[in-house]
Amino acid sequence: MSKTNESLMQRRVAAVPRGVGQIHPIFADHATNCSVVDVEGREFIDFAGGIAVLNTGHLHPKIIKAVETQLHKLTHTCFQVLAYEPYVELCEKINSRVPGNFAKKTLLVTTGSEAVENAVKIARAATGRAGVIAFTGAYHGRTMMTLGLTGKVAPYSSGMGLMPGGIFRALYPCSIHGVGVDESIESIERIFKNDAEPRDIAAIIIEPVQGEGGFNVAPKEFMVRLRALCDQHGILLIADEVQTGAGRTGTFFAMEQMGVAADLTTFAKSVGGGFPIAGVCGKAEVMDAIAPGGLGGTYAGNPLSCAAALAVMEIFEEERLLDRCKTVAQKLTAGLEAMQARHKEIGEVRGLGAMVAIELFDEGDHARPAAALTSQIVVRAREKGLILLSCGTYSNVLRVLVPLTVEDDLLDRGLAIIGECFDELT
C-alpha cells in the first residue's frame, strides 16, 4: 500500500505529541534546491526554506560532497574529549565574518535556542550580573530561558506557568504599530527606573530583524543609540542572528548594516545548510569569562555539521550569493509592492535584503490585523503548489524565506501564486 499524506498524518497523531505543531499537512519525500516533492509525488515551490535554514537550497551538491567526505573520516568524538580541525576552522571563519573590530572567539553548539542560552550564560559570567532585557515581538527559542526572552506567550509557553525571572521587556521599534526609536529607548529607561538598575542588567538581546515577530527591521539609528546605552552602563549587547545570519539580509550578518557591532552574536539555521549547528561569537575576553567545562555539549559542533557549514561559507564566495540575495530581494520587493498597489489589505511590504514580509489588515485598517486572511492565503497557496509561512505578533504577516539559490522561473511562479491568492480571496 502506497503511503499518503493522510495515512502518515494519522500515524503522526498517534505517535507524536500535539505540542509539536505542523503548518502544512504534508510529508516531504525528497527535495532539490527550491523544490520539495511529497510522498504522493506532488511538487511544491519552497518559500519557507525549513524556516530560514536553506539559504543555499535543498541538497546543495557541495554540501553533500563535504558531508560525505567527513562521514568516511569521523562522525563523533565529542569535541571536549578529542578535538578535530573542522570545528576550529569553522570558528576561525566565523570570527572573521562577525562584525566588530576586536579579537573574537566562537563556541559551537547545536541549536539556536542553545546558542542563546549560552550567550546569556556568558554575559552573566562576564558581567557578574543576572538581568536581561529583551523586546516585544522577540523570538529566541523554546527552552526555558529562551521562552522567557521570547515575546509571545501563545503558543510557545501557554500552560507552562511563569518563565525564569530577571527578564525585562522593552518595546521593539515598529513604526506601523506606533513605536518609534524614541519610544523604544524610553521603554528601556523605564525599566531602569521601575524594575532594575542598569548595574543589575547583564545584557540586552535583540534580533536586528525580528523573525517570528514579523520581519520588523531595527532602524540603524536605534541600534547606534542602543549600543551607546549599553556602553554607558556596562551592559553587553547580544545580537540574535539565528534567522538573519548566513546572507539572508544581503550581508552575511545583518549587523554589518547597523553601524555598530554587538559584544556577542548568536547564529544557527542557514549557517549549517540543512545540518544542525549553531554558536556564539563574541569578544575574546567576554567569551573567556567561563572556566573550562562550563561550555560545550555532547554533540556541540558535530564534525558532519562543521563540514557542512564550511561548505556553506565556500558556496557564498564561489556563487556570489550575497549578490544573488540582492537580486532575489529586488524581485520579491517589486512583486509584493505591485500586489500592495492592487490590494488594500497589504498594509506594508518590509524587510532587509531577501528577508521580506507583508503585513495584512482587514480593509486596510491598521487597527484590525487580518489573521484569518493570512491563514487562508497560506492554505490557498499550498493548494496551488507553494509553501508559505505566516508570523507576527498578531499572526497577520506572510514571510518569505526562499533559498537564495532559487531558480528565476520558480521565484516568478511563487510570486504569481501569491498574487493569485490575493486576487481570489480579497
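Data block above holds the structure.
### A few points about the pattern of salt bridges
Taken as a whole, this structure holds 24 salt bridges when the rule is applied. Residue R225 is joined to E221 by a salt bridge in which the shortest nitrogen-to-oxygen separation is 3.6 Å. In this pair, R225 and E221 are both assigned in helix α8 (residues 220-233), four residues apart and thus about one turn of the helix distant. The class of R225 is partly exposed, set by a relative accessible area of 31%. Among the ionic contacts, a cluster of salt bridges with common partners joins R380, E383, K384, R413, E420 and E424.

### Considerations on the packing of helix α12 (residues 371-383) against helix α13 (residues 408-425)
The contact between α12 and α13 brings their axes to 9 Å, and the two run at 125 degrees. The orientation of α12 with respect to α13, classified from their angle, is oblique. The hand of the α12/α13 crossing is right-handed. Contacts from L373, Q376, I377, R380 and A381 in α12 reach I417, C421, F422, E424 and L425 in α13.

### Re the packing of helix α7 (residues 181-194) against α8
The angle between the axes and the distance between the axes are what describe a pair of packed helices. Remark: α7 packs on α8, axes separated minimally by 9 Å, with the N-to-C direction vectors making an angle of 20 degrees. In terms of orientation, α7 and α8 fall into the roughly parallel class. Here the hand of the crossing between α7 and α8 comes out right-handed. On α8, the residues that touch V181, D182, S184, I185, I188, E189 and F192 of α7 are E221, F222, R225, L226, L229 and H233.

Rules used in this analysis
- Residues numbered from 1 in each chain as written.
- Predicted model: local features only at pLDDT ≥ 70, side-chain atom pairs only at ≥ 80, totals over all residues.
- Heavy atoms only, no water.
- Salt bridge = Lys/Arg side-chain N within 4 Å of Asp/Glu carboxyl O.
- Helix = DSSP H or I, 4+ residues; strand = E, 2+ residues; numbered from the N terminus.
- Buried < 20%, exposed > 50% of the residue type's maximum accessible area, 1.4 Å probe, protein only.
- Axes fitted to C-alpha atoms, helices over the stretch in contact; angles between N-to-C directions.
- Parallel < 35°, antiparallel > 145°, perpendicular 65-115°, else oblique.
- Left-handed = near helix turned anticlockwise from the far one by under 90°.
- Contact = heavy atoms within 4.5 Å.

By themselves these figures say nothing about function.
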